[in-house]
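Listed below, chain by chain, are the residues.
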Amino acid sequence: MAFENAVRLQEINEEMERLQNEAKSVRAQLVDEILVAMKEYGITLADLGQHQSKRRGDVKPAKYANPHGEGTWSGSGRRPKWFKQALENGVSEEEMLIKTTTF
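Calculation notes
- Residue numbers restart at each chain and count upward from 1, following the sequence in its written direction.
- Only residues with pLDDT of at least 70 are given local features in this predicted model, and only at 80 or more are side-chain atom pairs given and counted; all residues enter the totals for whole chains, interfaces and linings.
- With hydrogens and water stripped out, all remaining heavy atoms of the structure feed into the side-chain values.
- By the criteria applied, helices consist of DSSP H or I runs no shorter than four residues and strands consist of E runs no shorter than two, each listed in order from the N terminus.
- Using a 1.4 Å probe on the protein chains alone, a residue whose accessible area is under 20% of its type maximum counts as buried, one over 50% counts as exposed, and one in between counts as partly exposed.
- Contacts: residue pairs with any heavy atoms within 4.5 Å of one another.
- Here is the rule: rings of Phe, Tyr and Trp (six-membered ring for Trp) pair when centre to centre is within 6.5 Å. Planes less than 30 degrees apart are stacked, more than 60 are edge-to-face, and the remainder are tilted.

Enquirer: Provide a residue-level description of the overall build of the chain, including the pertinent values.
Expert: Summing up its helical and strand segments, the chain has three helices and two strands in all. Reading the chain from its N terminus to its C terminus gives the helix and strand order α-β-β-α-α. Taken over 103 residues, the chain has a buried fraction of 10%. Sequence separation of at least 24 residues holds for 24% of the intrachain contacts in the chain that already meet a minimum separation of 6.

As structure tokens, then:
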């Protein structure tokens, strides 16, 4: 056959994909076992010298509000365009602070 190597390459690629899927499954099982053991023995990431990173989904409360329309900003990360433009137009940061009421 003229393309024996092509057939063999296809077989190897299929075997690699099967092994990668198997490795993912075994890794997931191992992670589950580790989590169960951590819960059972009360071990935390801090105990292991690790810190839990904040998830991207964690949202800080808004600290500033756009004085000329919609938009809020937590005060972390890049300043939004509206915030920069308001400062350029003479609005102070204090004026954009969201006023909170405590009872």
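Text resumes after the structure shown.
Enquirer: Run through the packing of aromatic side chains, naming residues and quoting values.
Expert: Throughout the structure, instances matching the rule amount to four aromatic pairs. Taking the centre distance of 5.0 Å and the plane angle of 70 degrees together, the rings of Y64 and F83 count as edge-to-face. Residue Y64 is located in strand β1 (residues 64-65), and its partner F83 is located in helix α2 (residues 81-88); the two are separated by 19 residues in the primary sequence. Of the two residues examined, Y64 and F83, each falls in the buried class. Here the aromatic cluster, defined as three or more aromatic residues joined through ring pairs, consists of Y64, W73, W82 and F83.

Enquirer: Just give me the short version of the side chain of N66, but keep the residues and values in it.
Expert: Structurally, N66 can be placed in the loop between β1 and β2 (72-73). Its relative accessible area of 15% is what places N66 among the buried residues. Apart from the residues within four sequence positions on either side, N66 is in contact with G71 and W82.

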